[in-house]
Amino acid sequence: MMAVPFATPRPVLALGHKGLEADTLRNWHLLARKLATPGENVTIVTFGGSITAGYLEFKQAWKNSLEGSWVEALLAWLKASFPGVHFSTLNMARAATDVIVASTCWYQAAPQDADLILVEYSLNGCLDPSTNKQMCHSTAMPQVAGYEALLRRLIRTAPDAALMAVAMFDFRWLSVSHHGTATATMQLPNSYYSSGEELHGMIAHRYGAPTASIRGSLYDLMYNDAAAQQLLGATRATLLADGLHPTAAGFVVYGDVVAYSVTPHTRCTARITITTNTATGGDEFFVTGAAVVPFSRAVPHNAVDTVEMAGGRALGGQLPFSWP
């Protein structure tokens, strides 16, 4: 892995990283192994709304920019970080849609050999813009149930894929009437909890998927131009086209947030080659990677719907590898 710097300061990115311990991650050891192997092919699949799909109606977003969304920014960072690996992407995101359609139809288009699947639905379908009413506040809500259904179906469709949740946020200002007046209003930041991130993050955690949180990294900066200019070298108007959709510069920052959350789960891997030295009778080995973790054999997949939980744990099904 090449040490490719981020355009966004690392302390800002760290605020959006909601990672998991290595023993709880689903298939990230497989992804790390492929990223550490020159010549490997890595397939990335993304699901989400317009922020992930990219959008063409906001023409200013594409001036002097890459044609796409944060997905292309993430891909550019991955290619620079792993120059010997070949990457391909399949963007299944669709504008102005929530997770329910993806969980019932689009998941089937994810290839069985996908290596990394990123799911972004904490914005679309989780807020009623006419009433500002939260629509992902309960596990009984269809949008929350659909989010879990999508993850479960993707696990069955692409059983070797590493999963990651990507939580977007609506940074628009809210117009609120002053108490006791009918006409005077004041502008307030959108509420921190106006997102499906909490419940979606809980579900992602359940299935071994870390979360990259745009809200965590940028909430305090998007409503404070002085701080944003100091830390990011840009203001809200430079990063957002309409308070919701990023500009080209904003997509670079968003891509950095996601890439930062990918990094910790892929850099601690190693390839070990052991040969016997016939002259000395001993073994010699060399290591390519950052860390060595011994394991005896590969672990079979721990099926989502397995009933025999004790047997699964006995086989090490909750771990990325089986210990000697």
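Conventions used here
- Residues numbered from 1 in each chain as written.
- Predicted model: local features only at pLDDT ≥ 70, side-chain atom pairs only at ≥ 80, totals over all residues.
- Heavy atoms only, no water.
- Helix = DSSP H or I, 4+ residues; strand = E, 2+ residues; numbered from the N terminus.
- Buried < 20%, exposed > 50% of the residue type's maximum accessible area, 1.4 Å probe, protein only.
- Contact = heavy atoms within 4.5 Å.
- Areas by Shrake-Rupley, 256 points an atom, 1.4 Å probe, with all protein chains shown as cover.
- Core = buried A, V, L, I, M, F, W, Y, C linked by side-chain atoms within 4.5 Å.
- Phe/Tyr/Trp six-rings, centres within 6.5 Å; stacked < 30°, edge-to-face > 60°.
- Disulfide = S-S within 2.5 Å.
- Lys, Arg positive; Asp, Glu negative; His and termini not counted.
- Salt bridge = Lys/Arg side-chain N within 4 Å of Asp/Glu carboxyl O.
- Patch = residues over 30% accessible without salt bridge, like charges linked within 9 Å, V, L, I, M, F, W, Y side chains within 5 Å.
- pLDDT = per-residue confidence, 0-100.

Side note on the overall build of the chain
Broken down by element type, the chain carries 12 helices and 12 strands. Sorting the 324 residues of the chain into buried and exposed places 48% on the buried side. In the chain, the proportion of contacts linking residues at least 24 apart, taken out of those at least 6 apart, comes to 72%. In the form shown here, the chain has an accessible surface area of approximately 15,500 Å², with 57% of it arising from carbon and sulfur atoms.

Examining the nonpolar core
Ranked by size, the top nonpolar core spans 50 residues in total, and within it Trp-70, Phe-87, Leu-118, Phe-171, Leu-218 and Tyr-254 carry the most contacts. Residue contributions to this core peak at 8 residues, all from helix H11 (residues 248-262). The residues touching Phe-171, leaving out its near neighbours within four places in the chain, are Ile-214, Arg-215, Leu-218, Tyr-219, Met-222, Tyr-223, Arg-236, Leu-240, Gly-243 and Tyr-254.

Overview of the packing of aromatic side chains
Working definition: an aromatic ring pair is given by the centre-to-centre distance plus the angle between the planes. Considering all chains together, one arrives at 8 aromatic pairs under this definition. For the ring pair Phe-6 and Trp-77, a centre distance of 5.3 Å and an interplane angle of 10° mean the geometry is stacked. Residue Phe-6 is found in the segment before helix H1 (10-14), and its partner Trp-77 is found in helix H4 (residues 70-81); the two are separated by 71 residues along the sequence. No difference in accessibility class separates Phe-6 from Trp-77, as the two residues are buried. Consider the rings of Phe-6 and Tyr-260, whose centres lie 5.9 Å apart with planes at 55°: the pair is tilted. One end of the pair, Phe-6, is in the segment before H1; the other, Tyr-260, is in helix H11, with 254 residues separating them in the sequence.

Some points on the environment of Lys-18
Mapped onto the elements, Lys-18 comes out in strand E1 (residues 17-18). A residue is classified by how much of its surface remains accessible, and Lys-18, at 35% relative accessible area, is partly exposed. With 192 residues separating them along the chain, Lys-18 and Pro-210 place their C-alpha atoms 5.9 Å apart. Ignoring any residue separated from it by four or fewer positions in sequence, one finds Lys-18 in contact with Glu-197, Pro-210, Thr-211, Ser-213, Arg-215 and Ser-261.

A closer look at the state of the cysteines
Within this structure, the stated rule accounts for 1 disulfide. Each sulfur of the disulfide joining Cys-126 and Cys-136 lies 2.1 Å from the other. What sets the handedness of the Cys-126 and Cys-136 disulfide is the S-S torsion sign, and at about -75° it is left-handed. Separated by 10 residues along the polypeptide, Cys-126 in the loop between strand E4 (116-119) and strand E5 (127-128) and Cys-136 in the loop between strand E6 (133-134) and helix H6 (142-157) bring together distant segments of the chain.

Remarks on the environment of Ser-88
With respect to the helices and strands, Ser-88 occurs in strand E3 (residues 86-91). If we skip the residues at most four places from it in the chain, Ser-88 touches Val-42, Thr-43 and Ile-44.

A short note on helix H7 (residues 197-206)
Of all the positions in H7, only Glu-197, Leu-199, His-200, Ile-203 and Ala-204 are classed as buried. Residues of H7 that are buried in the fold lie against E1, H6, strand E7 (162-167), strand E10 (211-213) and helix H8 (214-222). Just downstream of H7 lies Gly-208, where phi reads positive at about 70°.

Remarks on the side chain of Asp-256
Note on placement: Asp-256 falls in helix H11. Among buried Asp, Glu, Lys and Arg side chains, Asp-256 stands out as unpaired, with Arg-10 the closest opposite charge at 9.4 Å. Apart from the residues within four sequence positions on either side, Asp-256 is in contact with Phe-6, Ala-7, Thr-8 and Leu-13.

A closer look at a nonpolar patch on the surface
Where nonpolar side chains cluster on the molecular surface, the patch consists of Val-176, Met-186 and Leu-188 and spans about 190 Å² of accessible area. For Leu-188, the position within the fold is in strand E9 (residues 185-189). The exposure class of Leu-188 is partly exposed, given its relative accessible area of 34%.

Some details on the confidence of the model for the chain
Taken residue by residue, the chain gives an average pLDDT of 82. The fraction at 70 or more is 76%. Within the model, pLDDT remains below 50 along residues 285-309, and this stretch shows 55 contacts once partners closer than five positions in the same chain are excluded.

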